[in-house]
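What follows is the residue order along each chain.
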Amino acid sequence: MKMSLAQRVLLSWIFALIFLIMLVLKLDSKIHWNWFLIFLPVWTFDTILILMLVVKMAGRCKPDFDPRDGEQSLKRRLWYLTALLLKLAFCLTLCSRLERLTDMWVSVVCVPLWVLLGGALVELGHSVFHYRRD
């Protein structure tokens, strides 16, 4: 399944809009849903992204795949998968904190987010200051 850029952007905006509407309704006390239900559009979108990444990474197992073509691509996709899993961990710990299922500090809840942001800075620095050695 190959999605065009316009379809991917539209899908992202739809899930973000649904999440923001549900978040505003929850914060205004118009709905009394569980925080895990409020974050459901975020997790649905992340699940779609994870499935697409896994399918693309599994495409490397084809017999006609040339391993010289995709070394950087594989590392980048592994970073994307790690980033999505860190975002998922942050959302889960945030929801469990908001529902008072666990009694942990907010700084502990934000650890996956901080690791994600640190990794994003490293990725940005690597892509900006990377040079090829031939």
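Shown above is the structure to which this text applies.
Residues numbered from 1 in each chain as written. Predicted model: local features only at pLDDT ≥ 70, side-chain atom pairs only at ≥ 80, totals over all residues. Heavy atoms only, no water.

Draft legend 1. Representation of the overall build of the chain in the model. Looking only at helices and strands, the chain features 6 helices and 0 strands. Tracing the chain from N to C terminus, the helices and strands come up as α-α-α-α-α-α. Here the chain has a C-alpha radius of gyration of 18 Å; the compact-globule value for 134 residues is 14 Å, and the former is much larger. Judged by the C-alpha coordinates and their principal axes, the chain covers about 60 × 35 × 25 Å. Going through the 134 residues of the chain one by one, you find that 24% of them count as buried. Of all intrachain contacts in the chain linking residues separated by at least 6 positions in sequence, the fraction that spans at least 24 positions is 53%. Element-wise, carbon and sulfur atoms account for 69% of the exposed surface of the chain, whose accessible area totals about 10,100 Å². A distance of 2 Å separates the average location of the 16 positive side-chain charges in the chain from that of its 10 negative side-chain charges. (Helix = DSSP H or I, 4+ residues; strand = E, 2+ residues; numbered from the N terminus. Rg over C-alpha atoms; globule rule 2.2 N^0.38 Å. Buried < 20%, exposed > 50% of the residue type's maximum accessible area, 1.4 Å probe, protein only. Contact = heavy atoms within 4.5 Å. Areas by Shrake-Rupley, 256 points an atom, 1.4 Å probe, with all protein chains shown as cover. Lys, Arg positive; Asp, Glu negative; His and termini not counted. Charge placed at Lys NZ, Arg CZ, Asp CG, Glu CD.)

Draft legend 2. Summary view of unusual backbone geometry. Of note in this structure, S29 is not a glycine but carries a positive phi near 60°. Along the chain, S29 falls in the loop between helix 1 (5-27) and helix 2 (35-38). On the basis of relative accessible area, S29 is assigned to the partly exposed category, the value being 46%. Unlike most non-glycine residues, R100 shows phi in positive territory, near 60°. Owing to a relative accessible area of 71%, R100 belongs among the exposed residues under this scheme.

Draft legend 3. How the structure looks around the nonpolar core. Of all hydrophobic cores here, the largest spans 10 residues; its members are F19, M22, I31, W35, I38, F39, V42, W43, C91 and C95. Look past the residues within four positions of F39 in its chain and what remains in contact with it is F19, C91, L94 and C95. Counting 5 residues, the second-largest nonpolar core is a separate cluster that includes I50, L53, M57 and L81. (Core = buried A, V, L, I, M, F, W, Y, C linked by side-chain atoms within 4.5 Å.)

Draft legend 4. Representation of the packing of helix 1 against helix 3 (residues 40-58). It is the contact of helix 1 with helix 3, at a shortest axis distance of 8 Å, that shows an interaxial angle of 160°. Taken together, helix 1 and helix 3 sit at an angle that is classed as roughly antiparallel. At the point where helix 1 passes helix 3, the crossing takes the left-handed sense. Contacts between helix 1 and helix 3 involve L11, S12, F15, I18, F19 and M22 from the former and P41, V42, T44, F45 and I48 from the latter. Looking at the contact of helix 1 with helix 3 residue by residue, the class counts come to 9 nonpolar, 2 polar and no charged. (Axes fitted to C-alpha atoms, helices over the stretch in contact; angles between N-to-C directions. Parallel < 35°, antiparallel > 145°, perpendicular 65-115°, else oblique. Left-handed = near helix turned anticlockwise from the far one by under 90°. Nonpolar A, V, L, I, M, F, W, Y, C, P; charged D, E, K, R; others polar.)

Draft legend 5. The packing of aromatic side chains, seen in detail. Under the counting rule described, the total for this entry stands at 4 aromatic pairs. Centroid distance F19 to F39: 5.1 Å. Interplanar angle 55°. Geometry classified as tilted. Taken as a pair, F19 in helix 1 and F39 in the loop between helix 2 and helix 3 lie far apart in primary sequence, 20 residues in all. The burial state of F19 is the same as that of F39; both residues are buried. (Phe/Tyr/Trp six-rings, centres within 6.5 Å; stacked < 30°, edge-to-face > 60°.)

Draft legend 6. Main features of the side chain of D46. Here D46 lies in helix 3. If sequence neighbours within four positions are ignored, D46 has contacts with L84 and K87.

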